[in-house]
Amino acid sequence: MQTIKQYVEANKQRLLDELFALLRFPSVSADPKYKPEVLKTADYVAQKLVDAGAEKVEVCQTAGYPIVYGEKIIDASKPTVLVYGHYDVQPADPLELWKTPPFEPTVRDGKIYARGACDDKGQFYMHVKAFELMMQTNTLPCNIKFMIEGEEEVGSNNLGIFVKENKNRLKADVVLISDTSMISMENPSLETGLRGLSYLEVEVVGPNRDLHSGVYGGAVANPATILAKMIASLHDEDNHVNIPGFYDKVINLTTEERAALNAAPYDEEEYKKDLDIAEVWGEKGYSTLERTGTRPTLEVNGIWGGYIGEGAKTVLPSKANAKISMRLVPNQTSEEITKLFTEHFESIAPASVKVTVTPHHGGEPVVTPTDSIAYKAAQKAIAESFGKEPIPTRGGGSIPIVALFEAELGIKTVLMGFGLDSDALHSPNEKYDIYNYYKGIETIPLFHKYFAELSESK
């Protein structure tokens, strides 16, 4: 640990400068206008892997954005860790809500503000620098492979193809991912599961053109009003999702499991203060920790229709749209839930409008074993680095490729994230604490150390 801390201390500014350079690339995979910058980001990541000591580094082309691969095999008889991350980021909109430019990293109160600071550039780059540390101090105890993709924020559509075509190259004993969060730096935690995802878009179409709201209002169905009513009907008075069959395969936690989950540190007043809300909201009969980690949800991610520019324009819109995501729990599948939603949404549409449901992407829920060598290695690494045992938690987000890795490569994943729920992921003013960044670089080598030791002693 002393060697690790000395290396980080001696290279602190360079480690930060390199991350800042990475954050300056506007690698927004969802917007085609950023394509040149996304490709430059892949090249930057590849070069940094080379600089850190990786071999066989390649920018692997796909039908979309490339996947950056690199490896260091020190001994074929030793265990292998496959590190996954993504270099693409969410769009920065709405830009006017950023206090500083989203692609010009700025430090305020010890925190790095930039799009991708936490999700996932700051987190995956910790692994590159931890690898560099182990190479420079001659302490790499096991084999390591990197697979850093550029399409996670748009569904990882080409990753599955790449994994299927490169099973031998990607052969490993465990996948290690830092794209999740901890309860806090005072209360370190390890996520033991993630929810799945069904993401789709709905369109409600009425008349064949926008209409004068005075001439036609009250006589022709307004698609925006109809859409609002349809969306409102998707939850009942207890905030349960009101779609037939939605909960049929959901397994309820036992009383003991619920008690263990709710034992995690949580201050509801602080939670409300951080978000500037008067009260929490959600499915009746469940706590906030249960709602965000173990229960399925349905949320509107965006809604639009008609005139939304400056001033007034009195129109009855021809159509209205919304983007909707559903987070899924074990036993639910994205395919089945997407089908249930589509059938229900189409069935509740009045004859005065036409409805189209377009699925975008999805992923399956996963639960990671807590009795595996890899999980125990992560426990030991965090315990040594933080001075206390990590608390097992369930993550509310989705990383669809975790289920893919298990299905195609036959290996489990360890979710060892260093972000915080308050890091404003996908929102304006995304941040990542500099302390967390350095702490990740210090902790990751310990995971490799204990994973190698526990693997050899089994």
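Since this is a predicted model, take the numbers as computed values, not measurements. (Residues numbered from 1 in each chain as written. Predicted model: local features only at pLDDT ≥ 70, side-chain atom pairs only at ≥ 80, totals over all residues. Heavy atoms only, no water.)

(A) Spatial organisation of the environment of Asp238. When you line up the elements, Asp238 lands in the loop between α6 (223-232) and α7 (255-262). Sequence separation of Asp238 and Val154 is 84 residues, and the distance between their C-alpha atoms is 32 Å. Residues contacting Asp238, with those up to four places away along its chain left out, are Gly282, Glu283 and Lys284. (Helix = DSSP H or I, 4+ residues; strand = E, 2+ residues; numbered from the N terminus. Contact = heavy atoms within 4.5 Å.)

(B) Structural detail: helix α1 (residues 2-10). Where α1 is concerned, the buried positions are Ile4, Tyr7 and Val8. An end-on view of α1 places all buried positions within 95° of arc, on one side of the element. Seen from the open side of α1, the exposed residues pointing more than 90 degrees away from its buried face are Gln2, Glu9 and Ala10. Contact partners of the buried residues in α1: α2 (12-23), α4 (121-136) and α13 (434-457). (Buried < 20%, exposed > 50% of the residue type's maximum accessible area, 1.4 Å probe, protein only. Arc of directions from axis to C-beta.)

(C) Fine view of the packing of aromatic side chains. Following the criterion strictly, the structure yields 10 aromatic pairs and no others. Considering the side-chain rings of Tyr84 and Phe405, the 5.7 Å spacing of their centres and the 70° angle between planes classify their relative orientation as edge-to-face. With Tyr84 in strand β3 (residues 80-86) and Phe405 in helix α12 (residues 401-409), this pair connects stretches of sequence that are 321 residues apart. Side by side, Tyr84 and Phe405 carry an identical accessibility label, which is buried. Ring geometry for Phe131 and Phe146: centres 5.4 Å apart, planes at 65°, overall edge-to-face. (Phe/Tyr/Trp six-rings, centres within 6.5 Å; stacked < 30°, edge-to-face > 60°.)

(D) Focus on unusual backbone geometry. Omega for the bond connecting Asp93 with Pro94 falls within 30 degrees of zero, at -5°, which places this linkage in the cis form. Within the secondary structure, Pro94 sits in the loop between β3 and β4 (106-108). Of the consecutive residues Asp119 and Asp120, the connecting peptide bond is found in the cis state with omega at 0°. Inspection of the secondary structure puts Asp120 in the loop between β5 (111-113) and α4. Of note, the phi angle at Lys56 is positive, near 55°, even though the residue is not glycine.

(E) Looking closely at helix α3 (residues 35-52). Here α3 is 18 residues long and its end C-alpha atoms lie 26 Å apart, about the 26 Å a rise of 1.5 Å per residue gives. Taken residue by residue, α3 has Val38, Thr41, Ala42, Tyr44, Val45, Ala46, Lys48, Leu49 and Ala52 as its buried positions. In this structure, the buried residues of α3 make contact with α2, β1 (55-60), β2 (67-72), α4 and β6 (143-149). Following α3 by one or two positions, Gly53 adopts a phi angle in the positive range, close to 120°. (Expected span 1.5 Å × (residues − 1).)

(F) Representation of the side chain of Lys272. Structurally, the position occupied by Lys272 is in helix α8 (residues 268-275). A polar side-chain atom of Lys272 sits 3.1 Å from a polar atom in the side chain of Glu269. With sequence-adjacent residues up to four places away left out, Lys272 is seen in contact with Ile277, Ala278, Glu279 and Val280. (Polar contact = N/O pair within 3.5 Å; in protein donor to acceptor, adjacent residues only side chain to side chain.)

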